[in-house]
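Summary of structural features
One-letter residues, chain by chain:
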Amino acid sequence: MTAVKEIRAIGVHDYDNWLEPKEFTYEPQEMRPEEVEIKVEACGICGSDIHAANGDWGRHFSPLAVGHEIVGVVTAAGKDSRHKVGDRVGVGAQCDSCHTCTRCKNEHQNACRRMVGTYQGVYPSGKVTQGGYASHVRVNSEFAFKIPDNLSSVDVAPLLCGGITAFRPMMTAGVTKGTKVGINGIGGIGHMAILFAKALGAEVTAISRNDKKKELAIQLGADHYIATDEKDFSKKHEDSIDLLINTGSSFSEGNVSEVLNLLTAFGKMTFITAPPIDEKLSLIPFQMLQNNISVGGSCIGSPKDIEYMLEVASKNNIKPMIETIDINEPNVKTAWERMVKGDVRFRFVLTGYDKYFK
Ligand SMILES: NC(=O)c1ccc[n+]([C@@H]2O[C@H](COP(=O)([O-])OP(=O)(O)OC[C@H]3O[C@@H](n4cnc5c(N)ncnc54)[C@H](OP(=O)(O)O)[C@@H]3O)[C@@H](O)[C@H]2O)c1
Ligand SMILES: [Zn+2]
Ligand SMILES: [Zn+2]
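Residues numbered from 1 in each chain as written. Chains lettered and ligands numbered in written order. Predicted model: local features only at pLDDT ≥ 70, side-chain atom pairs only at ≥ 80, totals over all residues. Heavy atoms only, no water.

Below, the discussion takes up the coordination of the zinc ion (ligand 3). Around the zinc ion (ligand 3), the donor atoms from the protein are Cys46 (SG), His68 (NE2) and Cys161 (SG), and they sit 2.0 to 2.2 Å away. For the zinc ion (ligand 3), all donor residues lie on one chain, and their spacing in sequence is C-x21-H-x92-C. Here Cys161 lies in the loop between helix H3 (153-156) and helix H4 (162-173) and His68 lies in the loop between helix H1 (47-54) and strand S4 (70-77), a separation of 93 residues in the sequence. We classify His68 as buried; its relative accessible area is 6%. (Donors = N, O, S within 2.8 Å, 3.2 Å for Na, K, Ca; no water. Helix = DSSP H or I, 4+ residues; strand = E, 2+ residues; numbered from the N terminus. Buried < 20%, exposed > 50% of the residue type's maximum accessible area, 1.4 Å probe, protein only.)

Given below as structure tokens:
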């Protein structure tokens, strides 16, 4: 099959009216030898889609189609591609990197300073990237991953960004049986973090701004639950967590000192939160040194990490809790509005691509 000349997509045209997504077409960058073109079958709606679409991270260009939890079938493959036509593959938040820097050479492509995001990214050619709310995506095949047969496209889609983002801090910290893992923010990524932490044998505490998600968090496998609107939660649960992963879409309502107080000595707090660009954190050095704790960040995962995460998901039959919704303009609007209200348990996945992009 030959590559398509034009890709149809649904996205933001005007950031002031971002909740009015509309269809547009774009011409992808020329197909390179290492690339694959993928006909999209399913795409999760990540919290990052909302930040990018509403301008939280800046108004880089429009129209902008978001979506980076993509699963589909390869419909065209360059001569050096590692996948062939007909393969079912997934793509996460990154579609290329520079391949020449130390980070890339050390297989930390996800930290490459010249990484190209699957959407809102810019190739060295100046061509911008568009995401998976579209008929097709075209990416470097190094960033497309074969999907294990036992995982359905709708179930696996959220793992391509959300799953790896939740899992990578646990890899870094060496989470194993009995590690006390706290997940702060029980949304799309937070709920996947509970599933992965349990698969690794951790003792899991779900932490949320109130007690509304308690029942579901326990159902997902959490052993404990902390509501941060509870008076004295910080004192009451001190020394209860070795690794605390902050997955909230913002930390504006959080008190970092109170949350850090939950850590055991030598514990670690990792932010995966990617808040509006002007949001800042205020840390108290004495709290960190006296408790020998550290605060860090984590960004998606490298291709190798993503492949390992998919293997763990396949072996443990990890399935996120999803709500599917057919792709079209009004449904994208509805899904985004409900995401903003926190009205989804826990991840939307866009489906019905064949119906819309026929
Ligand atoms: N580092 C990375 O590589 C990476 C990759 C993907 C996404 N992200 C970022 O990760 C964050 C979460 O993504 P997601 O897909 O899980 O989003 P999501 O499904 O919308 O969930 C976000 C959760 O954050 C909490 N929250 C919402 N508003 C908040 C506020 N004002 N203050 C504190 N907490 C708030 C809520 O949890 P509770 O109701 O339980 O408190 C909510 O369920 C986003 O910022 C996203 O951009 C980072
Ligand atoms: Zn690089
Ligand atoms: Zn994402």
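Lining the immediate environment of ligand 1, one finds 27 residues, of which His51, Ser208, Lys213, Ile300 and Arg347 sit closest. For ligand 1, an oxygen atom lies 2.9 Å from a polar atom in the side chain of Arg209. Here Arg347 contributes a side-chain N or O atom positioned 2.6 Å from an oxygen atom of ligand 1. Protein chains shield 88% of the accessible area of ligand 1, which is 930 Å² for the free molecule. Taken together, the elements giving at least two residues each to the shell around ligand 1 come down to H1 and helix H5 (188-199). Sort the elements by how many residues they give to the shell around ligand 1 and H1 lands first, with three residues. Across the shell around ligand 1, the residue classes tally to nine nonpolar, 14 polar and four charged. Of the domains in this structure, domain 1 (7-161 + 319-356) and domain 2 (162-297) are the two that each give at least three residues to the shell around ligand 1. (Near = heavy atom within 4 Å. Polar contact = N/O pair within 3.5 Å; in protein donor to acceptor, adjacent residues only side chain to side chain. Areas by Shrake-Rupley, 256 points an atom, 1.4 Å probe, with all protein chains shown as cover. Nonpolar A, V, L, I, M, F, W, Y, C, P; charged D, E, K, R; others polar. Domains from an automatic or database assignment.)

Taken as a whole and judged by the stated rule, the model has eight aromatic pairs. Measuring from ring centre to ring centre gives 6.3 Å for Phe24 and Tyr26, while their planes differ by 40 degrees; the resulting arrangement is tilted. Among the residues examined, Phe24 registers a relative accessible area of 8% and is labelled buried. (Phe/Tyr/Trp six-rings, centres within 6.5 Å; stacked < 30°, edge-to-face > 60°.)

Along its sequence, the protein is organised into domain 1 (7-161 + 319-356) and domain 2 (162-297). Computed from C-alpha atoms alone, the centre-to-centre distance between domain 1 and domain 2 is 27 Å. Counting from both sides, the interface comprises 15 residues of domain 1 and, opposite them, 21 residues of domain 2. In total, about 1,400 Å² of surface goes out of reach between domain 1 and domain 2, with carbon and sulfur atoms giving 66% of it. Counting every contact that joins domain 1 to domain 2 gives zero salt bridges. Inspection of the domain 1/domain 2 interface yields 13 residue pairs in polar contact (both at pLDDT 80 or more). (Contact = heavy atoms within 4.5 Å. Buried area = accessible area lost by both parts, 1.4 Å probe. Salt bridge = Lys/Arg side-chain N within 4 Å of Asp/Glu carboxyl O.)

A few words on the nonpolar core. Counting 47 residues, the largest nonpolar core has Leu159, Met170, Ile183, Ile194, Phe196 and Met309 as the members making the most contacts within it. Going through the elements one at a time, H4, strand S10 (180-184), H5, strand S11 (203-208), helix H6 (214-220), strand S12 (224-227), strand S13 (241-246) and helix H10 (303-315) are the ones with two or more residues in this core. By residue number, the principal contributor to this core is H5, which donates seven residues. Among the domains, domain 1 (7-161 + 319-356) and domain 2 (162-297) are the pair contributing at least three residues each to this core. Those residues in contact with Ile183, other than ones at most four positions away along the chain, are Met170, Gly190, Ala193, Ile194, Val204, Thr205, Ala206, Ile207, Ile245 and Thr247. (Core = buried A, V, L, I, M, F, W, Y, C linked by side-chain atoms within 4.5 Å.)

The next subject is the sheet that holds S12. If you walk across this open sheet you meet the six strands as S12-S11-S10-S13-S14-S15, and the pairing is parallel. One side of each edge strand has no neighbouring strand; the edge strands of this open sheet are S12 and strand S15 (294-297). Neighbour to neighbour, the strand axes of the sheet diverge by 20 degrees on average, direction disregarded. Note that S10 and S11 share five bridges and pair parallel. Within the sheet, the bridge partner assigned to Asn184 lies in S11 and is Ile207. Sheet strands in contact with H4 are S10, S13 and strand S14 (263-271), and its direction is about 150 degrees off that of S13. (Pairing = 2+ DSSP bridges. Axes fitted to C-alpha atoms, helices over the stretch in contact; angles between N-to-C directions.)

Contact pair H4 / H10: the axes reach a minimum separation of 10 Å and the direction vectors enclose 100 degrees. Overall, the two elements H4 and H10 adopt an arrangement that is roughly perpendicular. Between H4, through Gly163, Ile164, Phe167, Arg168 and Met171, and H10, the contact on the second element is made entirely by Asp305, Ile306, Tyr308, Met309 and Val312. In terms of residue class, the contact of H4 with H10 is made up of seven nonpolar, one polar and two charged. (Parallel < 35°, antiparallel > 145°, perpendicular 65-115°, else oblique.)

The next point concerns the coordination of the zinc ion (ligand 2). Note on metal geometry: ideal angles are 109.5 degrees for four donors arranged tetrahedrally and 90 or 180 degrees for six donors arranged octahedrally. At this site the zinc ion (ligand 2) is bound by Cys98 (SG), Cys101 (SG), Cys104 (SG) and Cys112 (SG), with donor distances of 2.3 to 2.4 Å. Geometry at the zinc ion (ligand 2) is tetrahedral, judged from its four donor atoms and the angles of 103 to 120 degrees they form at the metal. Counting the intervening residues between successive donors of the zinc ion (ligand 2) yields the motif C-x2-C-x2-C-x7-C. Placement of the pair is Cys98 in the loop between strand S6 (94-96) and helix H2 (102-105) and Cys112 in the loop between H2 and strand S7 (116-117), with a sequence separation of 14 residues. No difference in accessibility class separates Cys98 from Cys112, as the two residues are buried. (Tetrahedral: all angles 85-135°; square planar, octahedral: opposite > 155°, others 65-115°.)

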